[in-house]
Amino acid sequence: MRKPTHSIQLPTNLAPYSSLKTIPNFHFLPLPSKPTKLSFRVFSSRSADSPPPPSSTQNLTLISILRTVPDWADAIKERGMQQKRSLYNHETWVEHRSSRRHVRHLLSSFSSRVILSLIPPVIAFTSVAVIVASYNSAVTFHWLPDACLGSLLVFRTEASYSRFEEGRKAWTKIIAGTNDFARQVIAGVESSGDALLKKALLQYIMAFPVALKCHVIYGSDMRQDLQNLLEVDDLAVVLSSKHRPRCIIEFISQSLQLLNLDDAKRHVLESKLSCFHEGIGVCEQLMGIPIPLSYTRLTSRFLVLWHLTLPIILWEDCNWIVVPATFISAASLFCIEEVGVLIEEPFPMLALDELCKLVHNNIQEAIASEKLIQAQLIAKRKNHADEHSPNGRPSSEVDRKLG
């Protein structure tokens, strides 16, 4: 038996056919790297060897060129939409309202997804001639400042004022809730054994607005503001806490649990804490989430470009008068924009220090006048009982105790 030149090892499932004398020669074609189905779908109307028609190639190239800019702009815009937004803190707010923001916003114009997404329609539907004609028409018909710029400033300032109003209302509720909470503690805690705990509880209540004020205003010294309201050990616990207003709420809650109160009174006092939690939520939302930055940057860029081109447009008609005209326009419009940026973070614009002092003085006055008012009412009650009893003697057990 002649030996084969190449050893062929057959699979086990072909063992019954191992007795064949000859093995047929198979010519295996190389497998394509990609499925041929795609090629069939594209070129099914022509033979495999024939090249695509020139007109089809030209149309495909033209469509690809026309789609390049929109696809590029859309890719940048979608990538920007997927970026995670971070909450604002005190340092971010300082950078946000910095006087250098206009230069920063102008230099970042070409990385703005809003501007990049506008490139395709701007290229398709606008031209330099139309822009120049629009500006000249605005000068001719005395439409300066333009309606678009005016609308931007109005909407920007209105949005900032709505945030300011929301912060003002939140602090109005906090101050009113603090006064009401302290009043109910003064009137509801009557046991002499709870006198020290009652005093500490009132100190915690007075300390909460101060702690929240320091929490939302950058650069506040909480140690200095609270050292006259809290004991040294309590102040150390508060300062070591990550969220100091909530730490004071925990002091208040634990103090309510230790007071000798019935369940109804304790439940009423604990319900007052919801006002504090709501105030923290509103303040942190206003501090952490500004007006959409795209809107702020768009207004800033519009203002800068407007005043950069204003002297060019007005020079032919105004000559050197363009200098005071640009000064007046820039001073007026940038002033409006600056006010909008300042009141966007409402808490530094509110008199929170004075409000906290007012709460402290009101509670201290209520504590001081509690015994005086109580003694005055007891005296009136005693006089009324003496006038209506025979022989000037008290007519009830309560009146005898008072007498």
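Residues numbered from 1 in each chain as written. Predicted model: local features only at pLDDT ≥ 70, side-chain atom pairs only at ≥ 80, totals over all residues. Heavy atoms only, no water.

A short note on the overall build of the protein
Item 1. A count of helices and strands for the protein gives 17 helices and zero strands.
Item 2. Relative to its full complement of 403 residues, the protein shows a buried share of 31%.
Item 3. If you take every contact in the protein between residues at least 6 apart in sequence, the share linking residues at least 24 apart comes to 76%. (Helix = DSSP H or I, 4+ residues; strand = E, 2+ residues; numbered from the N terminus. Buried < 20%, exposed > 50% of the residue type's maximum accessible area, 1.4 Å probe, protein only. Contact = heavy atoms within 4.5 Å.)

A few points about the packing of aromatic side chains
Item 1. Applying the stated criterion across every chain, the model contains six aromatic pairs.
Item 2. Taking the centre distance of 5.1 Å and the plane angle of 70 degrees together, the rings of tyrosine 88 and tryptophan 93 count as edge-to-face.
Item 3. Aromatic rings pair up to connect Phe181, Phe208 and Phe276 into one cluster. (Phe/Tyr/Trp six-rings, centres within 6.5 Å; stacked < 30°, edge-to-face > 60°.)

So, the nonpolar core
Item 1. Formed by 56 residues in total, the largest nonpolar core has its most connected members in Trp171, Phe181, Ile205, Leu226, Ile252 and Phe347.
Item 2. Elements with a minimum of two residues in this core: helix H7 (147-188), helix H8 (195-216), helix H9 (222-226), helix H10 (232-240), helix H11 (244-258), helix H13 (273-288) and helix H16 (352-387).
Item 3. Setting aside chain neighbours within four positions, we find tryptophan 171 in contact with Pro209, Leu212, Lys213, Cys283, Phe347, Leu350, Leu352 and Cys356.
Item 4. One finds Leu153, Leu310, Leu314 and Val322 within the second-largest nonpolar core, a separate group that totals eight residues. (Core = buried A, V, L, I, M, F, W, Y, C linked by side-chain atoms within 4.5 Å.)

Digging into the side chain of glutamate 344
Item 1. With respect to the helices and strands, glutamate 344 occurs in helix H15 (residues 322-344).
Item 2. Taking relative accessible area as the criterion, glutamate 344 reaches 0% and is therefore assigned buried.
Item 3. Within polar-contact distance, the side chain of glutamate 344 engages the side chain of histidine 96 at 2.9 Å.
Item 4. Setting aside chain neighbours within four positions, we find glutamate 344 in contact with Trp93, His96, Arg156, Ser160, Arg163, Pro290 and Ile291. (Polar contact = N/O pair within 3.5 Å; in protein donor to acceptor, adjacent residues only side chain to side chain.)

Some thoughts on the packing of H8 against H13
When two helices pack together, their arrangement is given by the angle between the helix axes and the distance between those axes.
Item 1. The geometry of H8 relative to H13 is characterised by a closest axis approach of 11 Å and an angle of 15 degrees between their N-to-C directions. Relative to H13, the element H8 lies roughly parallel. Crossing handedness for the pair H8 and H13: right-handed. Mapping the contact onto sequence places Phe208, Leu212, His215 and Val216 in H8 and Phe276, Ile280, Cys283, Glu284 and Met287 in H13.
Item 2. Here the residues of the contact of H8 with H13 are counted per class, giving seven nonpolar, one polar and one charged. (Axes fitted to C-alpha atoms, helices over the stretch in contact; angles between N-to-C directions. Parallel < 35°, antiparallel > 145°, perpendicular 65-115°, else oblique. Left-handed = near helix turned anticlockwise from the far one by under 90°. Nonpolar A, V, L, I, M, F, W, Y, C, P; charged D, E, K, R; others polar.)

Some details on empty space enclosed by the protein
Item 1. Evaluated as defined, the whole model comprises one cavity of 30 Å³ or more.
Item 2. Of the volumes computed, that of the largest cavity is approximately 40 Å³.
Item 3. The wall of the largest cavity is formed by Ser112, Val114, Ile115, Ser294, Arg297, Leu298 and Arg301.
Item 4. Elements with a minimum of two residues in the lining of the largest cavity: helix H5 (113-125) and helix H14 (293-318).
Item 5. With four residues, H14 is the largest single contributor of residues to the lining of the largest cavity.
Item 6. Grouping the amino acids of the lining of the largest cavity by side-chain chemistry returns three nonpolar, two polar and two charged. (1 Å grid on protein atoms, 1.4 Å probe; cavity = no way out; pocket = protein on both sides within 12 Å on 5 of 7 lines; lining within 4 Å. Points joined across faces, edges and corners; volume = space filled by probe spheres on them.)

Some points on the state of the cysteines
Item 1. Applying the stated criterion to the full structure yields zero disulfides.
Item 2. This cysteine, cysteine 214, is not joined by any disulfide, and cysteine 356 carries the nearest cysteine sulfur, 7.7 Å off.
Item 3. Overall, cysteine 214 belongs to the buried group, its relative accessible area being 8%. (Disulfide = S-S within 2.5 Å.)

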